[in-house]
Amino acid sequence: MPVSPLDRSLLAQALNQAQQALYLSDPNPRVGCVLVGADGTLLGQGHTQQVGGAHAEVMALRDAAAAQRSVQGACAYVTLEPCSHHGRTGPCCDALLAAGVRRVVATLADPNPLVAGQGFARLRQAGVEVLLLPPEDPLARQSHRINIGFFSRMVRQTPWLRMKVAASLDGKTALPNGQSQWITGAAARSDGHAWRARASAVLTGIGTVLADRPQLDVRHVETPRQPHLVLLDSRLQTPLDSPIFLPARQLIIYCAGTDHPRQAALEAQGAQVICLPDSRAGAAPRVDLHAVLRDLARRDINEVHVEAGQTLNGALVQAGLVDEVLLYLAPKLLGQGRDMAAWGPLQSLNEALDLEFNALEMVGADLRIQATVRGRDTF
């Protein structure tokens, strides 16, 4: 039986629930669930809670129970395959079966190897009708986009890396003397904090920490959790009085090589220092960027939000690690200044980073552009 227009409408409602988990559920996927009776009555709905808390299906079942509505024979509309394994919580497919759900309509299969179709198989074996949208369906694409970092970590074993830049219309992020506050307006800065809030981690380099003394936390929007801060500091130059040391979030510092005399002092300040092999033997030490992302994936980091200067941005582009660009353009011309990303020089236009626009929107007086590296989000 194909998915009906009513099914699509209820899946869209489940996606609205998933959006409510955007700043909440990391590192778990953002999932929504809507339970509907055979007569079309809305019985319950919910979304994934903070890690260790209930998943979307269980929240929807609790919502129905609180209203004393039976879900026997109901249909569950979910934005991701119900899990089938015991993790921090029990299997959601078992909870749906125990409640008497007889039909499940989903937007996506779960890429987690611990699930990967097993949730659907268990439901079907119990006689539940299961319908799954094709991956090219717009609702499936929307669900995938909400969970782009989770899919990246599960399929590629690296996080999704989003490079955020605020620049003038002629592409300058600061004056030659480094002054950059503020090129974009207050609305764009608040919007940028919302993108920080959805990330698993904010990543920057030691040059930014030394030059700007930033905090790089979420302040302009409400959030139930602070993303980790990841600092690339090959020689461990981080000042012990830097504002990045905050008790409300985890700070991970990656350095190159071993035997750093300042490591213990930084760890005493609350940082977790991770020493990786030096990627440039015989030259100035530099952390291996590929190794950093692989290590972050092992630490359940889904989305990395980069706020750095032209040098680190350029190194990430050159290494082929940038998946998406989040660009705020101010209606200003600065002439000479610092670039968005410094690498090259290229010998051919074919070597350019090829992007495709996803969205353009005015944020206050500034223009926000979202662009993905072409073909990068097809996993």
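Details of the structure are given in the entry above.
As the structure is a computational prediction, the values presented were derived from the model and not from experiment.

**Some points on the packing of aromatic side chains**
Move 1: For the structure shown, the criterion picks out two aromatic pairs.
Move 2: With centroids separated by 6.4 Å and ring planes inclined at 80°, the aromatic side chains of Phe-150 and Phe-151 adopt a geometry described as edge-to-face. Across the pair, exposure class does not vary: Phe-150 and Phe-151 are buried alike.

**Re the sheet that holds strand β8 (residues 201-205)**
Move 1: The strand order across the open sheet built from nine strands is β11-β10-β9-β8-β12-β6-β13-β16-β15, with neighbouring strands paired in mixed fashion. This sheet does not close on itself; its edge strands, each paired only once, are β11 (271-276) and β15 (355-363). Shown here is a sheet whose adjacent strand axes are inclined to one another by a mean of 20°, direction ignored.
Move 2: Sheet analysis places strand β6 (residues 160-168) next to strand β13 (residues 324-330), joined by seven bridges and oriented parallel. Its bridge partner lying in β13, Ala-167 is registered against Leu-329.
Move 3: On the sheet, helix α10 (residues 289-298) packs against β6, β9 (228-232), β10 (251-256), β11 and β12 (303-306) and is oriented at approximately 145° with respect to β10.

**Digging into the pairing of strand β3 (residues 75-78)**
Move 1: Burial of the side chains of β3 extends over both faces: Cys-75 and Tyr-77 are buried on one face and Ala-76 and Val-78 on the other.
Move 2: Examined bridge by bridge, strand β1 (residues 32-36) and β3 share four bridges and lie antiparallel to one another. Bridging across to β3, Val-36 finds its partner in Cys-75.

**Brief notes about the packing of helix α1 (residues 5-19) against helix α5 (residues 138-146)**
Move 1: The N-to-C vectors of α1 and α5 enclose an angle of 10°; their axes lie 11 Å apart at closest approach. In terms of orientation, α1 lies roughly parallel with respect to α5. Contact with α1, carried on its side by Arg-8, Leu-11, Ala-12, Leu-15, Ala-18 and Gln-19, involves Pro-138, Leu-139, Gln-142, Ser-143 and Ile-146 of α5 and no other residues of that element.
Move 2: Taken together, the residues that form the contact of α1 with α5 break down as seven nonpolar, three polar and one charged.

**Focus on the nonpolar core**
Move 1: Grouped together as the largest cluster of nonpolar side chains are 42 residues, with contacts concentrated most on Cys-33, Leu-35, Val-71, Ala-76, Tyr-77, Leu-96 and Val-104.
Move 2: Considering every element that reaches this core, the biggest residue donor is α1, with five residues.
Move 3: In this structure, Ala-76 is in contact with Cys-33, Val-34, Leu-35, Leu-96, Val-101, Arg-103, Val-104 and Val-105, ignoring residues within four places of it in sequence.
Move 4: Listed in part, the 33 residues of the second largest apolar core include Leu-161, Val-230, Leu-289 and Ile-369.

**Structural notes on the layout of surface pockets**
Move 1: Of the volumes computed, that of the largest pocket is approximately 1400 Å³.
Move 2: At the level of elements, β6, β7 (172-174), α7 (186-198), α8 (206-212), α11 (310-318) and β14 (338-339) are the ones that each hand at least two residues to the lining of the largest pocket.
Move 3: Within the lining of the largest pocket, the residues separate by chemical class into 20 nonpolar, 18 polar and twelve charged.

**Quick look at the environment of Met-163**
Move 1: By the secondary structure assignment, Met-163 is in strand β6.
Move 2: Those residues in contact with Met-163 that lie beyond four places of it in its chain are Val-306, Asn-313, Val-317, Val-322, Glu-324, Val-325 and Leu-326.

**Some points on the pairing of strand β16 (residues 366-373)**
Move 1: Most of β16 sits inside the fold, with seven of its eight residues counted as buried.
Move 2: The sheet contact formed by β13 and β16 spans six bridges and is antiparallel. By the bridge assignment, Glu-324 is partnered in β16 with Thr-372.
Move 3: Summarising the sheet, β15 and β16 pair through eight bridges and their orientation is antiparallel. By the bridge assignment, Glu-361 is partnered in β16 with Arg-368.

**Remarks on unusual backbone geometry**
Move 1: Going from Asp-26 to Pro-27, the amide bond is cis rather than trans, its omega being 10°.
Move 2: By the secondary structure assignment, Pro-27 is in the loop between α1 and β1.
Move 3: A cis amide bond links Gly-344 with the next residue in sequence, Pro-345, at an omega value of 10°.
Move 4: Take Pro-345: it is sitting in the loop between β14 and β15.
Move 5: Notably, Ala-116 is not glycine yet its phi reads approximately 45°, a positive angle.
Move 6: Even without being glycine, Leu-236 reaches a positive phi, approximately 55°.
Move 7: Take Leu-236: it is sitting in the loop between β9 and β10.

Cut-offs and rules
- Residues numbered from 1 in each chain as written.
- Predicted model: local features only at pLDDT ≥ 70, side-chain atom pairs only at ≥ 80, totals over all residues.
- Heavy atoms only, no water.
- Phe/Tyr/Trp six-rings, centres within 6.5 Å; stacked < 30°, edge-to-face > 60°.
- Buried < 20%, exposed > 50% of the residue type's maximum accessible area, 1.4 Å probe, protein only.
- Pairing = 2+ DSSP bridges.
- Helix = DSSP H or I, 4+ residues; strand = E, 2+ residues; numbered from the N terminus.
- Axes fitted to C-alpha atoms, helices over the stretch in contact; angles between N-to-C directions.
- Contact = heavy atoms within 4.5 Å.
- Parallel < 35°, antiparallel > 145°, perpendicular 65-115°, else oblique.
- Nonpolar A, V, L, I, M, F, W, Y, C, P; charged D, E, K, R; others polar.
- Core = buried A, V, L, I, M, F, W, Y, C linked by side-chain atoms within 4.5 Å.
- 1 Å grid on protein atoms, 1.4 Å probe; cavity = no way out; pocket = protein on both sides within 12 Å on 5 of 7 lines; lining within 4 Å.
- Points joined across faces, edges and corners; volume = space filled by probe spheres on them.

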